[in-house]
Amino acid sequence: MQVNELFRQSNTILLDGGMGTMLQAAGLKLGARPEELNITDPALIEGIHGQYAAAGSRIVNANTFGASATSWQAVLTRWSRSSPQALKTASAPVRPTVR
């Protein structure tokens with residue numbers, strides 16, 4: 001099967017691409033914690049989620065890849081609440097059924 005045939009099938013589900021790649025393209029420095037941007041620059045995170053949704057992604061992952069209880073105990077709760085909210089905000093215009 002050719003890739004273009006796959007995209008025409010109604011049961012094909014597209015996922016978002018690499019959040020880290022997009023953040024680096026937007027200026028994220030090597031060694032920086034991408035999850036901090038959920039708090040410090042939510043518009044950037046929302047913009048990236050929105051780009052993926054507009055491109056046809058039906059599954060978009062929250063920006064929480066490096067957040068864990070052992071590495072970020074003090075801010076984990078804030079991040080775990082802010083990233084899904086950014087995802088919902090960005091996806092709403094494209095996918096009004098996002099929960």
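Our subject is the structure listed above.
A brief structural summary. Every value quoted in this text rests on a predicted model; they were computed, and no experiment measured them.

### Regarding the overall build of the protein
The secondary structure content of the protein amounts to 5 helices and 0 strands. Across the 99 residues that make up the protein, the buried fraction comes to 26%. Within the protein, contacts between residues separated by at least 24 positions form 67% of all contacts whose residues are at least 6 apart in sequence. Just so you have it, the protein exposes about 6,600 Å², and 55% of that area is on carbon and sulfur atoms.

### As for the environment of Gly-47
Mapped onto the elements of the fold, Gly-47 is located in helix α4 (residues 42–54). Sequence-wise, Gly-47 and Ser-91 are 44 residues apart; in three dimensions their C-alpha atoms are separated by 9.5 Å.

### A look at α4
Counted at 1.5 Å a residue, the expected span for α4 with its 13 residues is 18 Å, and the 18 Å between its end C-alpha atoms agrees. When α4 is considered as a whole, its buried residues turn out to be Ile-45, Ile-48, His-49, Gly-50, Tyr-52 and Ala-53. Just downstream of α4, Gly-56 is the residue with a positive phi angle, here 110°.

### A closer look at a nonpolar patch on the surface
A cluster of nonpolar residues, Ile-13, Leu-15 and Ile-59, forms a patch on the protein surface that exposes about 260 Å² of accessible area. Take Ile-59: it is sitting in the loop between α4 and α5 (76–91).

Rules and cut-offs
Residues numbered from 1 in each chain as written. Predicted model: local features only at pLDDT ≥ 70, side-chain atom pairs only at ≥ 80, totals over all residues. Heavy atoms only, no water. Helix = DSSP H or I, 4+ residues; strand = E, 2+ residues; numbered from the N terminus. Buried < 20%, exposed > 50% of the residue type's maximum accessible area, 1.4 Å probe, protein only. Contact = heavy atoms within 4.5 Å. Areas by Shrake-Rupley, 256 points an atom, 1.4 Å probe, with all protein chains shown as cover. Expected span 1.5 Å × (residues − 1). Patch = residues over 30% accessible without salt bridge, like charges linked within 9 Å, V, L, I, M, F, W, Y side chains within 5 Å. Salt bridge = Lys/Arg side-chain N within 4 Å of Asp/Glu carboxyl O.

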